[in-house]
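Next come the chains, spelled out residue by residue.
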Amino acid sequence: MAVEHPAPVQQGDQTRIHNIGYRSYDGPRLGRAYARRSLYSQSLRGAYGLGRSVKSKVLPMLLFVVMCVPAAIMVAVAVATKANDLPVTYTRYAIIMQAVISLYVASQAPQSVSRDLRFKTVPLYFSRPIETADYVRAKYAALASAMFVLTAAPLVVLYAGALLAKLDFADQTKGFGQGLVSVALLSLLFAGLGLVIASVTPRRGFGIAAVIAVLTISYGAVSTLQAIADAQGSADAIAWMGLFSPITLIDGVQSAFLGASSAFPGGVGPGNAEGVVYVLGALGLIAGSYGLLMRRYKKVGL
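The model shown is predicted, which means the values in this text are computed figures rather than measured ones.

Explanation requested: the overall build of the chain in the structure shown.
Along the chain, the regular secondary structure elements total eleven helices and zero strands. Listed N to C, the secondary structure of the chain is α-α-α-α-α-α-α-α-α-α-α in terms of helices and strands. A compact globule built from 302 residues would reach a C-alpha radius of gyration of about 19 Å, whereas the chain, at 27 Å, exceeds it by more than 25%. Overall, the chain is about 110 × 45 × 35 Å in size when its C-alpha atoms are taken along their principal axes. Looking at the chain as a whole, 42% of its 302 residues qualify as buried. Of the contacts formed within the chain by residues at least 6 apart in sequence, a portion of 77% connects residues at least 24 apart. Surface accessibility of the chain: about 16,600 Å² in total, with carbon and sulfur atoms responsible for 65%.

Written out as structure tokens, the structure reads:
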């Protein structure tokens, strides 16, 4: 037996349009330059944990203090003993504290780029208004600036202490300027290498381990080979071996052109001709790091 269903009741049109207050934006368009500056400042602040959790501030601030405390102790000793010179030259300080610098790079380079890769936010940056070059320049400049702050701050402490100890103003100013040039080059080199390595993996832990491995293994291998060459009387080989480690590369540049004493075995640093190769090697690594970052983020942004 068929069952008849009642016909649907025709309702009137209940469509309503509600004005909820959306308005078009009529303000200024700040554009790429503003976005690039914002990304730079945010990345620079993040390199010291500013604007982030307390846990994120501990390691970078601790490393900053560790970098400055030995300089303060040297200043106190120089003032108390009325020494004629500082215990350590300005160009030598970063070489001595290389372990702290390497640890800072290893911790902050992945923090700068790995999270963007892990959470796939890089394409959002490139949607508009910034482009690949803007992102790479902002990140590179931010980490290099953070490293310059880390390495230049103890030099400022040493310089201020030297003036308080009434050491020769001209000599101290010259040494301070040479030290600033050295750490500026070091900051660009280490920041570039750290970012290239960290950009390979979205895993921050892997990035930290990889950066530490590259910096420490290369330095350990070069130092060992230089010691062997020194024991065998091959002084010429010692200088050329320094090209294969970032920290010895900086050591060679400053000993050749900035009047620094070399940390190479036997104190034999590169001559002027070899020093030109060191400068070209450092600049080549910096330019190569920038190029590799550009290539990497052109693929990531697709």
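Having seen the structure, we can now continue with the description.
Would you explain the nonpolar core in this entry?
It is characteristic of soluble globular proteins that their nonpolar side chains tend to be buried jointly. Y93, L158, F190 and Y297 are the most contacted members of the largest nonpolar core, which totals 73 residues. Residue contributions to this core peak at 15 residues, all from helix α6 (residues 132–164). With residues near it in sequence (within four places) discarded, L158 still touches A71, M74, V75, L86, Y90 and Y93.

Sorry if this is basic, but what is going on with helix α10 (residues 246–257) here?
Taking 1.5 Å per residue as the helical rise, α10 with its twelve residues ought to reach 16 Å, and the 17 Å between its terminal C-alpha atoms agrees with that figure. Across the twelve residues of α10, eleven count as buried, placing the element largely inside the fold. Taken as a whole, α10 has its buried residues at P246, I247, T248, L249, I250, D251, G252, V253, Q254, S255 and A256. Where the residues of α10 are buried, they touch α3 (90–96), α4 (98–118), α7 (169–198), α8 (204–231) and α11 (272–300). The positive-phi residue at the C-terminal boundary of α10 is G259, with phi of around 70°.

Where do I start with the side chain of S112 in this structure?
Counting through the fold element by element, S112 comes out in helix α4. A residue is classified by how much of its surface remains accessible, and S112, at 9% relative accessible area, is buried. The contacts of S112, once residues within four sequence positions are left out, are Y135, K139 and L195.

What is the right way to read the packing of aromatic side chains from this model?
For any two aromatic rings, the description comes down to two numbers: the centre-to-centre distance and the angle of the planes. Tallying each qualifying case throughout the model produces six aromatic pairs. Judged by centre distance (6.0 Å) and plane angle (70°), the ring pair of Y90 and F176 falls under edge-to-face. Separated by 86 residues along the polypeptide, Y90 in helix α3 and F176 in helix α7 bring together distant segments of the chain. Residue classification places Y90 among the buried positions, given a relative accessible area of 5%. On the basis of an interplanar angle of 50° and a centroid distance of 5.3 Å, the ring pair of Y125 and Y135 is categorised as tilted. One end of the pair, Y125, is in helix α5 (residues 122–127); the other, Y135, is in helix α6, with ten residues separating them in the sequence. Looking at Y125, the relative accessible area reads 27%, which means it is partly exposed. Three or more aromatic residues joined by ring pairs make a cluster, and in this case those are Y48, F64 and Y104.

Even after reading the chapter, I still don't get the packing of α7 against α10, so can you show me in this structure?
Helix-helix packing is characterised by the crossing angle of the two axes and by the distance between the axes. Running from N to C, α7 and α10 point in directions that differ by 155°, and their axes come no closer than 10 Å. Our classification of the angle between α7 and α10 gives roughly antiparallel. For the crossing formed where α7 meets α10, the hand is right-handed. In this structure, α7 contributes S182, L185, L186, L189, F190 and L193 to the contact, and α10 contributes P246, I247, L249, I250, V253 and Q254. Considering only residue class, the contact of α7 with α10 consists of ten nonpolar, two polar and no charged.

Scoring rules and cut-offs
- Residues numbered from 1 in each chain as written.
- Predicted model: local features only at pLDDT ≥ 70, side-chain atom pairs only at ≥ 80, totals over all residues.
- Heavy atoms only, no water.
- Helix = DSSP H or I, 4+ residues; strand = E, 2+ residues; numbered from the N terminus.
- Rg over C-alpha atoms; globule rule 2.2 N^0.38 Å.
- Buried < 20%, exposed > 50% of the residue type's maximum accessible area, 1.4 Å probe, protein only.
- Contact = heavy atoms within 4.5 Å.
- Areas by Shrake-Rupley, 256 points an atom, 1.4 Å probe, with all protein chains shown as cover.
- Core = buried A, V, L, I, M, F, W, Y, C linked by side-chain atoms within 4.5 Å.
- Expected span 1.5 Å × (residues − 1).
- Phe/Tyr/Trp six-rings, centres within 6.5 Å; stacked < 30°, edge-to-face > 60°.
- Axes fitted to C-alpha atoms, helices over the stretch in contact; angles between N-to-C directions.
- Parallel < 35°, antiparallel > 145°, perpendicular 65-115°, else oblique.
- Left-handed = near helix turned anticlockwise from the far one by under 90°.
- Nonpolar A, V, L, I, M, F, W, Y, C, P; charged D, E, K, R; others polar.

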